[in-house]
Amino acid sequence: MSDLTQVVLATGNAGKITEMTDILQPYGWQVIPQIQFFDSEVEETGRTFIENAILKARYASEKTGLPAIADDSGIEVSALKGQPGIYSSRYSQDIYGDKATDQTNLQKILDELKDVPQAQRQASYYCAMVYVEHANDPIPIIGLGRWYGEILSTPRGTEGFGYDPIFWVEELNKSAAELPKAQKNRMSHRGQALNSLVMQLRRGA
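Being a predicted model, the structure only gives us computed values, none of them experimental. (Residues numbered from 1 in each chain as written. Predicted model: local features only at pLDDT ≥ 70, side-chain atom pairs only at ≥ 80, totals over all residues. Heavy atoms only, no water.)

Draft legend 1. Examining the overall build of the protein more closely. Counting secondary structure elements, the protein contains six helices and seven strands. Reading the secondary structure of the protein in the N-to-C direction produces β-α-β-α-β-α-α-β-β-β-β-α-α. The C-alpha atoms of the protein give a radius of gyration of 17 Å, which matches the 17 Å a tight globule of 205 residues would have. Across its three principal axes, the protein shows a C-alpha extent of roughly 50 × 35 × 25 Å. Here the analysis covers contacts within the protein between residues at least 6 apart in sequence; of these, 61% occur between residues at least 24 apart. For the protein, the accessible area works out to roughly 10200 Å², and carbon and sulfur atoms hold 49% of it. (Helix = DSSP H or I, 4+ residues; strand = E, 2+ residues; numbered from the N terminus. Rg over C-alpha atoms; globule rule 2.2 N^0.38 Å. Contact = heavy atoms within 4.5 Å. Areas by Shrake-Rupley, 256 points an atom, 1.4 Å probe, with all protein chains shown as cover.)

What follows is the structure, encoded as structure tokens:
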């Protein structure tokens, strides 16, 4: 993949767009969010993060005719047997329907863990990042990342998005929402996955 190649980001999530653009721009790529082309979303029918990321990347590439990068990511809580997992972005829809938000998703986890002691609140963010050259690309390139932490009992910090205010990074003694943007991008599951993807693409350029 050569410098200044246009690539569409297959997400409408403003937080993801900011993080992914910040990581990709130093490589000289022209990164265009899919919202500049279309506002529909593909149905996430996959049973894994990788399957859903591939679905989203193929859909964005088909709609735009451009190479596409998509991620599927979420948080897995040990005390909840790995939930919400692939349902992280819509975890509280069973309660709030279309009115579910990042905040209601976060609150649902806090409610479910209210009687769980801190020593048993281990969690990890997971991300699968996929690149397709075109919609029918038979060999999608996949980068993976995992970020380990714990779930706080109350939110802390105002940066980031999603579950960041309750994701505790023990070695830094901060929540993910208290980290400077550049530091989070270096450590996070999404940063790990996207950098893995970039390294594979650069090797094949």
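Draft legend 2. Molecular detail of the packing of aromatic side chains. All chains considered together, the criterion is met by five aromatic pairs. With a centroid separation of 6.1 Å and an interplanar angle of 25°, the aromatic rings of Tyr 125 and Trp 147 are classed as stacked. Here Tyr 125 is found in strand 4 (residues 122-132), whereas its partner Trp 147 is found in strand 5 (residues 141-151), with 22 residues between them in sequence. Each of the two residues, Tyr 125 as well as Trp 147, counts as buried. Centroid distance Tyr 125 to Phe 167: 4.6 Å. Interplanar angle 40°. Geometry classified as tilted. Of this pair, Tyr 125 sits in strand 4 while Phe 167 is found in strand 6 (residues 167-169), placing the two residues 42 residues apart along the sequence. Both residues of the pair, Tyr 125 and Phe 167, belong to the buried class. (Phe/Tyr/Trp six-rings, centres within 6.5 Å; stacked < 30°, edge-to-face > 60°. Buried < 20%, exposed > 50% of the residue type's maximum accessible area, 1.4 Å probe, protein only.)

Draft legend 3. Summary view of the sheet that holds strand 4. Spatial strand order, 2-1-3-4-5-6-7: seven strands in an open sheet with mixed pairing. The open sheet has two edge strands, strand 2 (30-33) and strand 7 (174-175), and neither has a second partner. In this sheet, strand 5 lies alongside strand 4 in antiparallel orientation, the contact comprising ten bridges. Note on strand 5: the bridge partner recorded for Tyr 126 is Arg 146. The strands touched by helix 2 (residues 49-64) are strand 1 (6-9), strand 3 (68-77), strand 4 and strand 5; relative to strand 3, the strand with the most contacts, the crossing angle is about 155°. (Pairing = 2+ DSSP bridges. Axes fitted to C-alpha atoms, helices over the stretch in contact; angles between N-to-C directions.)

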